[in-house]
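Coordinate inspection notes
One letter stands for each residue in the lines below.
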Number of protein chains: 2
Amino acid sequence: MLSTEIKKRITSVVGHENFDDSKAGCLVYSYDATPQFQALPDAVVSPRNTAEIAGILKICYEYKIPVVPRGSGTNLCAGTCPTQGGIVLLFKHMNQVLEIDEENLTATVQPGVITQDLIRAVEQKSLFYPPDPSSMKISTIGGNINENSGGLRGLKYGVTRDYVMALEIVLPNGDIIRTGGKLAKDVAGYDLTRLFVGSEGTLGIITEATLKLIPMPETKKTMLALYQNLEAAAQTVSNIIAHKIIPATLEFLDQPTLEAVEEFARVGLPTNVKAVLLIEQDGSPELVEKHMLKIAEICRQNEAVSVQTAGNDSEAEALMTARRAALSALARLKPTTILEDATVPRSEIANMVKAINEIADKYKVKICTFGHAGDGNLHPTCPTDSRNSEEIERVEQAFAEIFEKAVALGGTITGEHGVGEMKAPYLELKLGSAGIEAMKAIKHSFDPHNIMNPGKIFAKESRKRVVISN
Amino acid sequence: MLSTEIKKRITSVVGHENFDDSKAGCLVYSYDATPQFQALPDAVVSPRNTAEIAGILKICYEYKIPVVPRGSGTNLCAGTCPTQGGIVLLFKHMNQVLEIDEENLTATVQPGVITQDLIRAVEQKSLFYPPDPSSMKISTIGGNINENSGGLRGLKYGVTRDYVMALEIVLPNGDIIRTGGKLAKDVAGYDLTRLFVGSEGTLGIITEATLKLIPMPETKKTMLALYQNLEAAAQTVSNIIAHKIIPATLEFLDQPTLEAVEEFARVGLPTNVKAVLLIEQDGSPELVEKHMLKIAEICRQNEAVSVQTAGNDSEAEALMTARRAALSALARLKPTTILEDATVPRSEIANMVKAINEIADKYKVKICTFGHAGDGNLHPTCPTDSRNSEEIERVEQAFAEIFEKAVALGGTITGEHGVGEMKAPYLELKLGSAGIEAMKAIKHSFDPHNIMNPGKIFAKESRKRVVISN
């Protein structure tokens, strides 16, 4: 609990109306989209501008109060769960697109802007902001930057990191810095911009961002290829890329996922096949046509039992929307849904899918797998029940083995969700102890009192998932 | 000078044949491509592998000996001048392309690989490594990564940073870490990969890199647009981008540069116009054709006096090679050539070119300007004579004002050359004192004894260029 003195000082910065330490108010922000993590903050604070954030941080720095920045809380790594209490910092007042600069192809935004709102705003000017996490209807750009969010278009267009050109940041001591600029090239010192992208709120608070935009592709087409053989689907992915074609999206869904999604979205997805590839290409009409023909040929060569092209834009949009709803669809199966994002080099997709299925069998748990096959970013998802501790134990063991397998195949424990508190115990698997020490040194240099989203990224102990509840 | 004990320990790691502390040997590595900087190292060491580098660093860490990693020394920021003595680390034995992975579209290389050799090697497999610094015939990939080199294709394809997927690094204490992987998506902790890209050898030694490749564009075309009005040329650049066309290259050369380049390269560049835009587009034949027609139209609308398309590949190649030779051509005019890389948002190109000419007049110095207009990265270049201290003083003042103007226009002091020792005094202009402090904290956390390329990036004093000679 915050002392009266601290409460008084914070409200003098943001006003009483933007400070909430009621039980009900705190309960709302005691969890995020990650199952199994819940903890009450001491207060929820909603600043209106950068100066107020600097004011809050100075107070928190002085009193060593944890600060947890939070957009819409859609993350899946317990990245915004206030597991050490302190202040949850909300960006509801800082949700404006400040500028769309058509000459420099940039958008400057506040962190609270909803991802899809930005995408729609720039589309109005025939511009394109590619990063499209599945949660984009509700996620915020600030959250996307802090987690370096990926999405379906990552294969061809890259991830959030590739679109952040400049940041305004409030450091833990209240200092305000600006990194980068509307500049395609800038090598003035260390790349602080990209150090902050994906830093999960552990180094400072991002208060403004300038994002790169690109011209809107002229056209796009969507294709569905059906398989009765998982490995043939995976092999198709490698073969498409090896033919020097980079599709805009190249998604994989296995049969259990297809069943759940079709049950949920009713868009006519087949449920009688072992796997589906959902493939989208964009660009000039001639190129899209040429690529789609070649991709169809490669699919058939790899035993696709059917290759269908979406008849029109709304049919294509329905397919993509259904795919984005996979988590929501799977979440209806059981009370608890654990969705991970183990990622491997794309040449290892077939091996990884096979390993996931073997691990699921070994621990007698159900794991549905879907994901961004083109960039090796899979989403093994387990519908389970957190009240069944015996099953949860097996689920945890299965995921631990999945992470180990991903790293053994040259992959990583998290492709796009972030480490947060959930995957912190596994980070050493990927980085080794020297890598962790290097990161800890950076953390300490920015945040000596460990007030910025404490408990995230760095685990107290390794290899065991930490579950904290309040 | 190194003690007999230290010398004995280092030679026990690399062998006598890879250790040179002769006067002649040290003199060769006492300078790089940057004028006005020279200092003798204590020894030149050529390790054969990562383990030897770790061994050397452990010794240097223990005795606090400066270590200056050096590729081909083509940098223009005194980034590899051993201004505080110590060891120059050469990569002549570590110059292999270890793997080209066609399934994951990656190349894994040692740091001493020559940039153009890599580009040619991947072209054999119809793959493309876009970063193309003008020095690419002699520069090394290790140097490119340490400086985050740009090049002519930066506008459309980005810079070195955008192509580094994984690094092996020896930290100052001799620990070896591996960052990233053959992964389009990886958010396991802070982005150490990109922190090291552009860190100018001040945080650790990069010993291996995995680079992203992309499919080779099907075709390309090259166009030359001539102007009698500098501002019209600059306006053309903005208009092309505003029409949602991103050319592969979009280069600007002013009349004095054209004269020098034509005198040097004899490719038929016009010397009777005020400025030239050299424009290249690549992609599918249909798209290239469509874009080139539209670009030609935009050039003419902006008062281009002539728009010519290269008749064939060899004519196009000759134009691009001539452009890449601009520094060599200008270097023939006077004994000393100072080439800078002040960079602005592309909407400010016209203002910046105008300001450079006004500043040159004010200080009565000759400044030729060329550069990557499409990404706002200009190269104001001054042919001068370092023996004429009065003139050099005016040159320094002119460049200080150019840096200030670039920052005032929302730009940066260096777009692609790096800070090194040369621009260190100006870094605060761009970053402010809080930004510098944040970077110093990172530096200290990796390199507490300040042995990694000391004197680079961080200046002893601000706003005054430090000239050190031995």
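Residues numbered from 1 in each chain as written. Chains lettered and ligands numbered in written order. Predicted model: local features only at pLDDT ≥ 70, side-chain atom pairs only at ≥ 80, totals over all residues. Heavy atoms only, no water.

1. Details of the overall build of chain A
Scanning chain A for helices and strands turns up 15 helices and 18 strands. Computed over the C-alpha atoms, the radius of gyration of chain A is 22 Å, within 12% of the 23 Å expected from 2.2 N^0.38 for a compact globule of 470 residues. Over its C-alpha atoms, taken along the principal directions, chain A stretches across nearly 70 × 60 × 40 Å. Within chain A, the fraction of its 470 residues that count as buried is 63%. (Helix = DSSP H or I, 4+ residues; strand = E, 2+ residues; numbered from the N terminus. Rg over C-alpha atoms; globule rule 2.2 N^0.38 Å. Buried < 20%, exposed > 50% of the residue type's maximum accessible area, 1.4 Å probe, protein only.)

2. Structural notes on the nonpolar core
Counting residues in each nonpolar core, the largest one holds 202 residues, and the members touching the most others are Phe446(A) and Phe446(B). Among all residues touching Phe446(B), those that are not within four sequence positions of it are Ala438(A), Ile442(A), Leu171(B), Pro172(B), Leu192(B), Leu195(B), Phe196(B) and Leu203(B). (Core = buried A, V, L, I, M, F, W, Y, C linked by side-chain atoms within 4.5 Å. Contact = heavy atoms within 4.5 Å.)

3. Observations concerning the relation of the copies chain B and chain A
Superposition of chain B onto chain A requires a rotation of 180° combined with a translation of 0.0 Å along the rotation axis, giving an RMSD of 0.0 Å. When the rotation and shift are considered jointly, the pair of chain copies conforms to a two-fold rotation axis. With an isologous cut-off of 70% or more, the 100% of interface residues of chain B that recur at the interface of chain A puts this contact in the isologous class. (Least-squares fit on C-alpha atoms with pLDDT ≥ 70 in both.)

4. A few points about the side chain of His372(B)
Residues and elements named next belong to chain B. For histidine 372, the location among the structural elements is in strand β17 (residues 368–372). Look at histidine 372 and you get buried, because its relative accessible area is 1%. A distance of 2.9 Å separates polar atoms of two side chains, one belonging to histidine 372 and the other to glutamate 416. (Polar contact = N/O pair within 3.5 Å; in protein donor to acceptor, adjacent residues only side chain to side chain.)

5. Comments concerning the packing of helix α15 (residues 427–446) of chain A against helix α15 (residues 427–446) of chain B
In the contact formed by α15(A) and α15(B), the axes pass within 9 Å of each other and the chain directions differ by 145°. By crossing handedness, the relation of α15(A) to α15(B) is classed as right-handed. Between α15(A) and α15(B), the contacting residues are Ala438(A), Ala441(A), Ile442(A), Ser445(A) and Phe446(A) on the first element and Ala438(B), Ala441(B), Ile442(B), Ser445(B) and Phe446(B) on the second. Taken together, the residues of the contact of α15(A) with α15(B) sort by class into eight nonpolar, two polar and no charged. (Axes fitted to C-alpha atoms, helices over the stretch in contact; angles between N-to-C directions. Left-handed = near helix turned anticlockwise from the far one by under 90°. Nonpolar A, V, L, I, M, F, W, Y, C, P; charged D, E, K, R; others polar.)

6. Let's talk about the packing of helix α1 (residues 4–14) of chain B against helix α3 (residues 50–63) of chain B
Residue and element names in this part refer to chain B. As a packed pair, α1 and α3 sit with axes 9 Å apart at the nearest point and diverge in direction by 165°. In terms of orientation, α1 lies roughly antiparallel with respect to α3. Here α1 and α3 pass one another in a crossing that is right-handed. Residues Glu5, Ile6, Arg9, Ile10, Val13 and Val14 of α1 pack against Glu52, Gly55, Ile56, Ile59, Glu62 and Tyr63 of α3. Split into classes, the residues belonging to the contact of α1 with α3 amount to seven nonpolar, one polar and four charged. (Parallel < 35°, antiparallel > 145°, perpendicular 65-115°, else oblique.)

7. Re the pairing of strand β10 (residues 205–212) of chain A
All names here are of chain A. Counting buried positions along β10 yields seven of eight residues, so the element is predominantly enclosed. For strand β8 (residues 164–170) and β10, the ladder comprises six bridges, and the chain directions are antiparallel. Among the inter-strand pairings, leucine 167 is bridged to a residue of β10, identified as alanine 209. (Pairing = 2+ DSSP bridges.)

8. Remarks on the interface of chain B and chain A
Each partner contributes to the interface: chain B provides 80 residues, whereas chain A provides 81 residues. Together chain B and chain A conceal approximately 6,200 Å² of surface at their shared face, both sides included; 61% is due to carbon and sulfur atoms. It is Lys185(B), Val187(B) and Tyr190(B) in chain B that bury the most area against chain A; as a group they hold 17% of the surface buried on that side. At the surface where chain B touches chain A, the tally comes to 30 residue pairs in polar contact (both at pLDDT 80 or more). Looking at the side of chain B that touches chain A, the elements with two or more residues in it are β9 (176–180), α7 (192–196), α8 (230–242), α10 (285–301) and α15 of chain B. (Buried area = accessible area lost by both parts, 1.4 Å probe.)

9. Re the sheet that holds strand β1 (residues 19–20) of chain B
Note: strands within a sheet are paired through backbone hydrogen bonds, in either parallel or antiparallel orientation. All names here are of chain B. Strand order in the open sheet made by the four strands is β1-β2-β4-β3, with mixed pairing throughout. Both outer strands of the open sheet, β1 and β3 (67–70), are each paired with one neighbouring strand and no more. Here three bridges tie strand β2 (residues 43–45) to strand β4 (residues 87–90), and the two strands are oriented parallel to one another. By the bridge assignment, valine 44 is partnered in β4 with valine 88. Set on the sheet, α3 makes contact with β2, β3 and β4; between it and β4 the angle comes to about 170°.

10. With respect to unusual backbone geometry
Of note, Asn148(A) is a non-glycine position whose phi angle comes to about 50°, a positive value. When you line up the elements, Asn148(A) lands in the loop between α5 (141–147) and α6 (154–157). The backbone of Lys244(B) sits at a positive phi, close to 65°, despite the residue not being glycine.

11. So, the side chain of Glu421(B)
All names here are of chain B. When you line up the elements, glutamate 421 lands in the loop between α14 (389–408) and α15. For the buried glutamate 421, no salt bridge is present, and the opposite-charge side chain at shortest range is lysine 456, 4.3 Å distant. Within polar-contact distance, the side chain of glutamate 421 engages the side chain of threonine 83 at 2.7 Å. (Lys, Arg positive; Asp, Glu negative; His and termini not counted. Salt bridge = Lys/Arg side-chain N within 4 Å of Asp/Glu carboxyl O.)

12. Digging into the domain arrangement of chain A
Where interface size is given, it is often the accessible area lost as the parts come together that is meant. Segmenting chain A into domains produces domain 1 (4–90), domain 2 (97–215), domain 3 (219–328) and domain 4 (330–419). Between the C-alpha centres of domain 1 of chain A and domain 3 of chain A there is a distance of 42 Å. (Domains from an automatic or database assignment.)

13. So, the packing of aromatic side chains
In total, this model carries twelve aromatic pairs over all chains according to the counting rule given. Plain terms: the ring middles of Tyr190(A) and Phe458(B) are 5.9 Å apart, the flat faces sit at 70° to each other, and that makes the pair edge-to-face. Here Tyr190(A) is found in the loop between β9 (176–180) and α7 (192–196), whereas its partner Phe458(B) is found in the segment after α15 on a different chain. Side by side, Tyr190(A) and Phe458(B) carry an identical accessibility label, which is buried. (Phe/Tyr/Trp six-rings, centres within 6.5 Å; stacked < 30°, edge-to-face > 60°.)

14. With respect to the pattern of salt bridges
When the charged atoms of two side chains with opposite charge come close together, those side chains can pair. Tallied over the full model, the rule gives 62 salt bridges over all chains. Here Asp191(A) ties to Arg161(B) by a salt bridge, and the two come within 4.0 Å at their closest N and O atoms. Here the residue Asp191(A) occupies a position in the loop between β9 and α7, and Arg161(B) occupies one in the loop between α6 (154–157) and β8 (164–170), the pair thus bridging two chains. Its salt-bridge partner being Glu263(B), residue Arg266(B) comes within 3.5 Å of it at the nearest N-O pair. Several salt bridges converge on common partners, so that one network encompasses Arg161(A), Asp162(A), Asp191(B) and Arg194(B).

15. Concerning the confidence of the model for chain A
The predicted coordinates of low-pLDDT regions are not to be read in fine detail. Overall, the prediction assigns chain A a mean pLDDT of 94, with 98% of residues at 70 or greater. Confidence drops under pLDDT 50 across residues 463–470 of chain A; counting only partners more than four residues distant or on other chains, this segment forms 27 contacts. (pLDDT = per-residue confidence, 0-100.)

16. Here we look at α3(B)
All names here are of chain B. Taking 1.5 Å of rise per residue, 14 residues should cover 20 Å, and α3 covers 20 Å from first to last C-alpha, within 8% of that figure. The N-terminus of α3 is capped by asparagine 49, whose side-chain oxygen sits 3.2 Å from the backbone nitrogen of alanine 51. Immediately beyond the C-terminal end of α3, within one or two residues, lies lysine 64, with a positive phi of roughly 55°. (Expected span 1.5 Å × (residues − 1).)

17. With respect to the environment of Arg9(A)
Residue and element names in this part refer to chain A. Within the element layout of this structure, arginine 9 appears in helix α1 (residues 4–14). The class of arginine 9 is partly exposed, set by a relative accessible area of 28%. Arginine 9 sits 417 residues away from tyrosine 426 along the chain, and the two C-alpha atoms are 39 Å apart. Leaving out residues up to four positions away in the same chain, arginine 9 has contacts with Ile59, Glu62 and Tyr63. Here the side chain of arginine 9 touches glutamate 62 through a polar contact of 3.1 Å, side chain to side chain.

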